[in-house]
Every structure is written in C-alpha cells, then in structure tokens.
Amino acid sequence: QVQLVESGGGLVQAGGSLRLSCAGSGSIFSINAMGWYRQAPGKQRELVAIITSAGSTNYADSVKGRFTISRANAKNTVYLQMNSLKPEDTAVYYCNAKGVVTTARVTSNYWGQGTQVTVSS
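Residues numbered from 1 in each chain as written. Predicted model: local features only at pLDDT ≥ 70, side-chain atom pairs only at ≥ 80, totals over all residues. Heavy atoms only, no water.

Caption draft 1: Structural context of the overall build of the protein chain. The helix and strand tally for the protein chain stands at 0 helices and 11 strands. Along the chain direction, N to C, the helices and strands of the protein chain fall in the order β-β-β-β-β-β-β-β-β-β-β. Overall, the C-alpha framework of the protein chain stretches about 50 × 25 × 20 Å when taken along its three principal axes. Residues counted as buried form 45% of the 121 residues belonging to the protein chain. Residue pairs in contact within the protein chain that sit at least 24 positions apart in sequence constitute 57% of those at least 6 positions apart. Of the roughly 6200 Å² that the protein chain leaves accessible, carbon and sulfur atoms contribute 48%. (Helix = DSSP H or I, 4+ residues; strand = E, 2+ residues; numbered from the N terminus. Buried < 20%, exposed > 50% of the residue type's maximum accessible area, 1.4 Å probe, protein only. Contact = heavy atoms within 4.5 Å. Areas by Shrake-Rupley, 256 points an atom, 1.4 Å probe, with all protein chains shown as cover.)

Below is the structure:
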C-alpha cells in the first residue's frame, strides 16, 4: 500500500508564509510527478504546482512568484513553500502523486488526505 501524508497547514495572516510537506510511504519504487492541488469552499479542486522527477515545474498563474515547489526524490517527499499569502489562498491543500510505481511494478495515482490553509486579512 502507498500513503501520502501532508503536514504544515495552519492559520496565518496575510503576507505571511507557510511550508507544506507531503511524504510518500509504503511499497514505492518510483514516482513520476508530485504536486499540490487546492480546493476552496464552493469551488473545484485546482492545480497549484507540480514537479516531475527530473525537476521540471509548473505553477498556476495565481501563485507564480509567491509559491515554490521542491522535491526530495530519495525521500518520496514534495514541499510547497508559500510566501506572501493572500486570503484567496485559503483552501484545503491536497498532495498528489502521479505515476507511482510500486515494488510490484503496479502504476497508480494517489492523493493525500488534505491539509487546511487559512489566511486571515
């Protein structure tokens, strides 16, 4: 079994920073891409940032220049450094791992349980 466990969410004032972490555990052989999505109340889940195993990144326009995604491949862990936070960044943030190959050579996608980020004005 594969699990993604997120940490680092919380309450912060506008202009502040938070760092999210997501660690994959279980029978993981490799992971293609890891990323962060978010879902605000009444809205659809949206991509925030994604990073491939080679280090290529892609960001939502709304977070470019403020958020930085990084990854520790050996630890199956992805991070999201969030700076200059705005109230509109308030959402549940979900970790996603695409193309997870297990030691049994089965490929699947996985989601974390989500972590709440609240930015007060």
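Caption draft 2: View of the nonpolar core. With 31 residues, the main nonpolar core has Trp36, Leu80, Met82 and Tyr93 as its most contacted residues. Among the secondary structure elements, those contributing two or more residues to this core are β1 (2-7), β3 (18-26), β4 (28-39), β5 (46-52), β7 (67-72), β8 (77-82), β9 (91-102) and β11 (115-120). Broken down by element, this core gets its largest block of residues, 5 residues, from β9. Not counting the four nearest positions on each side in its chain, Tyr93 is found in contact with Glu6, Leu20, Trp36, Tyr37, Arg38, Val48, Phe67, Leu80, Met82, Gly114, Thr115 and Val117. (Core = buried A, V, L, I, M, F, W, Y, C linked by side-chain atoms within 4.5 Å.)

Caption draft 3: How the structure looks around the pairing of β9. For β9, the tally of buried residues reaches 10 of 12 residues, placing the bulk of the element in the interior. Across 10 bridges, β4 lies against β9 in antiparallel orientation. If you follow Ile31 over to β9, its bridge partner there is Val100. Where β9 and β11 come together, 3 bridges link them in antiparallel fashion. Across the sheet, the residue bridging to Val92 is Gln116, located in β11. (Pairing = 2+ DSSP bridges.)

Caption draft 4: Quick look at the side chain of Arg71. Within the element layout of this structure, Arg71 appears in strand β7. Despite its burial, Arg71 pairs with no opposite charge, the nearest such side chain being Glu6 at 15 Å. A distance of 2.6 Å separates polar atoms of two side chains, one belonging to Arg71 and the other to Asn73. Not counting residues up to four positions away in its chain, the partners in contact with Arg71 are Ile31, Asn32, Ala33, Met34, Ile51, Thr52, Ser53, Thr77, Val78 and Tyr79. (Lys, Arg positive; Asp, Glu negative; His and termini not counted. Salt bridge = Lys/Arg side-chain N within 4 Å of Asp/Glu carboxyl O. Polar contact = N/O pair within 3.5 Å; in protein donor to acceptor, adjacent residues only side chain to side chain.)

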